[in-house]
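These are the residues of each chain, in order.
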Amino acid sequence: MKNMFKLAFKSIKYRKATLVLSIISISMSVLLLLGIERIRSRVHDSFTSTISGTDLIVGARSGNISILLSNIFHIGYPNQNVSWETYKTISSKEQVQWSIPLSLGDSHKGYSVVGTTDDFFAHYEYGNELNLKSASGEACVHGMHCVLGASVAIDLGYKIGDELVVTHGMGHEDFIKHEDEPFILGGILKPTGTPVDQSIFVSIYAMDAIHSHFYGQDSQSYDVLAGISHNHIEAADHHDHDHHDHEAEHAKSPESVSGFLLGLKNPSDVLNVHRAINEYKPEPLTAILPAVTLIDLWQIVRPIETTLIVISFLVLIVALGGILTNLISTLSERRREMAILRSVGAKPKHVFGLIMLESFAIILAGILFGVAILYLVLYLSKPIIAEKLGLIIQLGWFSTDELLSLATIFLLGGLTGIIPSYQCYKNSLTDGLMINK
Amino acid sequence: MDAIKIKKLSFQWKGQNKALLENIDISIAKGEHVFIQGKSGSGKSSLLSLLVGINLPQTGSIEVLGSQLNKLSAAERDEFRANHIGYIFQMFNLVPYLSVLDNVLLSCTFSKVRRDKILRSGKQPVEEAQRLLAELGLTGDEILHKMVTELSVGQQQRVAACRALIGSPEILIADEPTSSLDEDAQKSFISLISKECSLYGVTLIFVSHDTRYKQYFDRTFELKEGQLVLENEPQNKVSV
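Within each chain, residue numbers correspond to sequence positions counted from 1 in written order. All chains are assigned letters beginning at A, and all ligands numbers beginning at 1, according to the order in which they are written. The predicted nature of this model means local features are confined to residues of pLDDT at least 70 and side-chain atom pairs, given and counted, to a pLDDT of 80 or more, with totals for whole chains, interfaces and linings taken over all residues. Heavy atoms from the whole structure form the basis of all side-chain values; hydrogens and water molecules are not counted.

Enquirer: Please explain the pattern of salt bridges as it appears in this structure.
Expert: Any two side chains of opposite charge can pair, on the condition that their charged atoms come close. Criterion for a salt bridge: a side-chain nitrogen of Lys or Arg within 4 Å of a carboxyl oxygen of Asp or Glu. Throughout the structure, instances matching the rule amount to 22 salt bridges over all chains. The residue Asp 102 of chain B makes a salt bridge to Lys 10 of chain A at a minimum N-O spacing of 2.5 Å. Of this pair, Asp 102 of chain B sits in helix α3 (residues 100-110) while Lys 10 of chain A sits in helix α1 (residues 2-14), placing the two residues on different chains. The buried label applies to any residue whose accessible area, calculated with a 1.4 Å probe on protein chains only, is under 20% of its type's maximum; exposed applies above 50%, and partly exposed to all values in between. Relative accessible area serves as the criterion here: at 22%, Lys 10 of chain A is assigned to the partly exposed category. Residue Arg 81 of chain B pairs with Asp 78 of chain B through a salt bridge whose shortest N-O separation is 2.6 Å. Placement of the pair is Arg 81 of chain B and Asp 78 of chain B together in helix α2 (residues 74-84), with a separation of three residues, close to one helical turn. For helices the rule is a DSSP run of H or I covering at least 4 residues; for strands it is a run of E covering at least 2, with both sets numbered from the N terminus onward.

Given below as structure tokens:
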């Protein structure tokens, strides 16, 4: 057997010029397959942990996915809002550790504007317990200050101190602009790979005040705005970051919120609180467990995932076809070599085994080469991907899925080798020692 | 005891209705040098493939070194060939991706018997290969480490002879080994392998369409219309 390995190795070395092409095509499909698999699983992980530290997301009675879509992904509007009173009541339940109100519906140049409080920056977590961090400025939304997600800041080219005007409704078309009340850019967040990157955060109080002012519902609107601005300046002077309570005291509370996030003191209370909210009498509410609903939502993109995997397997099959033709095309010129081996006593099974060994060795070389390129590419592109996409690609060991793909490639490649091996086996049986063909 | 004993052998290829070899009877003694002459298509290759046990006759029997080839399985025949028969082809005898030395050692790779014979003589197979190569005039690092494809045809045939002879097989079969050589080289090649075979007591079966060299052999047969006809039995074999 050792001798067969030696023979196969020397044979491959001799034919390296043509085999290099086969090996490269195999390694490219390995690269593609593993690369897609790795990005897919990273996107899956990143997606399903778009929001991770939050125990419950609460909105007006609606479907689970629509609550997730509107509150976290800012896609579609909630049909109904939740009253501020309900929000306050539920947030003050004893199991609740923190709560973040969200008010949606406004936009700026197509990016959704989220009205919230500073708690958002303190408690929102994504990925594996990652907090939001500011890349520049401060991540706080008191007064008329706003905070931009990383992508928004890059796309719009804003800098700290720039003024933004918020539009009512979504879209680039300026239907109703709140032009007289611009926000001041106070901070820009680091990339997260979540919808946070695509969002603009403002104070929920300021947002409500603008709306009240605009619709003229509140005769005291000017005072409200003045109160907010004043309050913030005062707070900033004191470098006091826990002042949203002051703000809440001074500013008029909004009448309603689009939804809110809850963090519980004890995670084991989740189901109890979940049920309590869904059965909340004064107002019809729906609470969702973000992790569960995220996975439900991911199922929607399942066919795309499958398509990607199918495409990369097709690429693999093309590459295997390349090896097959390569091996088969050399068979006729190798009949002589096989006759020589037969003359020194090689059995047909040795001939079969030699070609099999060679095809396995080519596949293995292709796999190793492909994996090496993958890691090189990942290593080199890691900072770029993290920067541009907010995806942190781990250079770690293979996942079970990846090992499975590699094993499949190895086996498929080896099985492909059966065809030329068998042909060679048959040739050597009929040729015997006759090589004058 | 005879090295080869063929009795009433008939053979035809599958799908052909006429027998290529018919009713052949021949005995070849141990150490005998036999020349088999025949035009192309006369069945020389078929006869050789029967002798080395690649194919089996439809009727009759072949006994080689006391073993009935038709009673051995295909794998046993392969092993038998590896252990007892050296074979030289007409041309392109060498595996292109192996060195000269590795080509010679190929015989020991597939035959434990041949390897053990060398080891019992107190040598390593590599040493024995080098000794044989030197005996056939192939010495020096340059030749030993050259790509086999860079050797001259004459050198290639001598390497093939070394591979056939290493590990002292009882029978050497040479299938038109000189037809790709020029006249000088033909003569020196035939004299070389005759000398080696005499030296080690190897039974030599030399097949060729070229009758010029038959006087160097003990007996000459001609393969004609499926029959093996004894042509001459030189009173005095010319030694080369």
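Enquirer: Would you mind going over the interface of chain B and chain A with me for this structure?
Expert: Often, the extent of an interface is quoted as the loss of accessible area upon association of its parts. The criterion used for residue contact is that any of the two residues' heavy atoms lie within 4.5 Å. At the junction of the two partners, chain B supplies 29 residues and chain A supplies 27 residues. Put simply, buried area is how much 1.4 Å-probe accessible surface two parts lose in total, over both of them, once they are put together. Of the roughly 2400 Å² buried between chain B and chain A on both sides combined, carbon and sulfur atoms contribute 68%. Interface area lost by chain B to chain A is led by Phe 89, Tyr 97 and Phe 110 of chain B, which between them contribute 32%. At the surface where chain B touches chain A, the tally comes to three salt bridges. Pairs of N or O atoms are called polar contacts if they sit within 3.5 Å, as long as, within protein, a hydrogen donor faces a hydrogen acceptor (for residues adjacent in sequence, only side-chain-to-side-chain pairs). Inspection of the region where chain B meets chain A yields five residue pairs in polar contact (both at pLDDT 80 or more). Broken down by secondary-structure element, the contributors of at least two residues to the side of chain B that touches chain A are α2, β6 (85-88) and α3 of chain B. Under the convention adopted here, Pro, Cys and the residues Ala, Val, Leu, Ile, Met, Phe, Trp and Tyr are nonpolar, Asp, Glu, Lys and Arg are charged, and Gly plus all remaining residues are polar. Of the residues assigned to the side of chain B that touches chain A, the class counts are 18 nonpolar, six polar and five charged.

Enquirer: How should the pairing of β6 of chain B be read in this particular structure?
Expert: All names here are of chain B. Along β6, one buried face is formed by Ile 85 and Tyr 87 and the opposite face, lined by Gly 86 and Ile 88, is buried too. By the bridge criterion, four bridges tie β6 to strand β7 (residues 171-175) in an arrangement that is parallel. Within β7, the position partnered with Gly 86 by the bridge is Leu 172. Strand pairing follows a simple DSSP-based rule, namely that at least 2 bridges must link the two strands.

Enquirer: Can you help me understand the environment of Gln 198 of chain A in this one?
Expert: Examined against the element boundaries, Gln 198 of chain A turns out to sit in the loop between β12 (183-189) and β13 (199-203). Not counting the four nearest positions on each side in its chain, Gln 198 of chain A is found in contact with Tyr 111, Ser 112, Ser 151 and Val 152 of chain A.

Enquirer: Explain the pairing of β13 of chain A here, please?
Expert: Residues in a regular strand project their side chains so that they alternate between the two faces of the sheet. All names here are of chain A. Burial of β13 is extensive: five of the five residues sit out of reach of the surface. With five bridges joining them, strand β4 (residues 111-116) and β13 adopt parallel strand pairing. Across the sheet, the residue bridging to Val 113 is Ile 200, located in β13. Direction of pairing for strand β8 (residues 145-148) relative to β13: antiparallel, over a ladder of three bridges. Each bridged residue has a counterpart across the sheet, and for Val 147 the counterpart in β13 is Phe 201.

Enquirer: Before we go on, may I ask you to explain the side chain of Ser 359 of chain A in this structure?
Expert: Mapped onto the elements of the fold, Ser 359 of chain A is located in helix α13 (residues 348-389). With sequence-adjacent residues up to four places away left out, Ser 359 of chain A is seen in contact with Leu 327 and Gly 417 of chain A.

Enquirer: Hey, could you run me through the sheet that holds β7 of chain B in this one?
Expert: Paired through their backbone hydrogen bonds, the strands of a sheet run either parallel or antiparallel. Residue and element names in this part refer to chain B. Strand order in the open sheet formed by six strands is β6-β7-β8-β3-β9-β10, and the pairing between neighbours is mixed. Bordering the open sheet on either side are β6 and β10 (227-232), each of which pairs with just one other strand. Taking the axes of each pair of neighbouring strands and ignoring which way they run, one obtains an average angle of 20° across the sheet. Two elements, β7 and strand β8 (residues 203-208), share five bridges in a ladder whose sense is parallel. In the strand pairing of β8, Leu 172 is matched with Leu 204. Lines fitted to C-alpha atoms define the axes here, with helix axes fitted over just the stretch in contact, and angles between the N-to-C directions of these axes take values from 0 to 180 degrees. Packing of helix α1 (residues 44-51) onto the sheet brings it into contact with β3 (33-37), β6, β7, β8, β9 (219-224) and β10, and relative to β8 it is tilted by some 155°. Across the sheet, helix α7 (residues 153-165) lies against β6 and β7, angled at about 170° from β6, the strand it touches most.

Enquirer: Hey, could you run me through the confidence of the model for chain B in this one?
Expert: If pLDDT is low for a region, its predicted coordinates should not be looked at in detail. When the pLDDT values of chain B are averaged, the result is 84; 97% of them are 70 or greater. Mean pLDDT across the secondary structure elements of chain B bottoms out at helix α6 (residues 141-144) of chain B, with 78, and peaks at β8 of chain B, with 90. pLDDT: the predictor's confidence for each residue, scored from 0 to 100.

Enquirer: Quick question: what am I supposed to make of the sheet that holds strand β5 (residues 67-68) of chain B here?
Expert: Residues and elements named next belong to chain B. Ordered in space as β2-β1-β4-β5, the four strands form an open sheet in which the pairing is antiparallel. Edge positions in the sheet fall to β2 (21-29) and β5, since each of these pairs with one other strand and no more. Direction of pairing for strand β1 (residues 2-11) relative to strand β4 (residues 59-64): antiparallel, over a ladder of five bridges. Following the sheet pairing, Lys 7 is matched in β4 by Ser 61.

Enquirer: Explanation requested: the packing of α3 of chain B against helix α5 (residues 125-135) of chain B in the structure shown.
Expert: A pair of packed helices can be characterised by two numbers: the angle between their axes and the separation between those axes. All names here are of chain B. Across the interface, α3 lies against α5 with an axial gap of 10 Å and an inter-helix angle of 115°. In this structure, α3 meets α5 at a crossing whose hand is right-handed. Where α3 abuts α5, its residues Val 100, Leu 101, Val 104, Leu 105 and Cys 108 lie against Pro 125, Val 126, Ala 129, Gln 130 and Leu 133. Among the residues forming the contact of α3 with α5, the class breakdown is nine nonpolar, one polar and no charged. Note on convention: near helix rotated counterclockwise from far helix by under a right angle means a left-handed crossing. Clockwise means right-handed.

Enquirer: Got a minute to help me understand the nonpolar core in this structure?
Expert: It is characteristic of soluble globular proteins that their nonpolar side chains tend to be buried jointly. Definition used in this section: a nonpolar core is a set of buried Ala, Val, Leu, Ile, Met, Phe, Trp, Tyr and Cys residues joined via side-chain atoms within 4.5 Å. Of all hydrophobic cores here, the largest spans 53 residues; its most connected members are Leu 7 and Leu 341 of chain A together with Ile 4, Ile 6, Ile 173 and Ile 205 of chain B. Those residues within four positions of Ile 173 of chain B in sequence are excluded, and the remaining contacts are Leu 48, Leu 51, Val 52, Ile 85, Gly 86, Tyr 87, Ile 88 and Ile 205 of chain B. Ranked by size, the runner-up nonpolar core spans 39 residues in total, among them Ile 88, Cys 108, Leu 133 and Leu 165 of chain B.

Enquirer: For this particular structure, what's the right way to read the packing of helix α12 (residues 302-343) of chain A against helix α15 (residues 418-431) of chain A?
Expert: All names here are of chain A. Direction vectors running N to C along α12 and α15 enclose 30°, while the axes themselves pass 9 Å from each other. Considered as vectors, α12 and α15 are oriented roughly parallel to each other. Crossing angle aside, the handedness with which α12 passes α15 is right-handed. Along its contact with α12, which presents Leu 324, Leu 327, Ile 328, Leu 331, Arg 335, Met 338 and Arg 342, the element α15 presents Ile 419, Pro 420, Gln 423, Cys 424, Asn 427, Ser 428, Leu 429 and Asp 431. Here the contact of α12 with α15 is composed, by residue class, of nine nonpolar, three polar and three charged. Orientation labels follow simple angle bins: below 35 degrees gives roughly parallel, above 145 gives roughly antiparallel, 65 to 115 gives roughly perpendicular, and whatever is left gives oblique.

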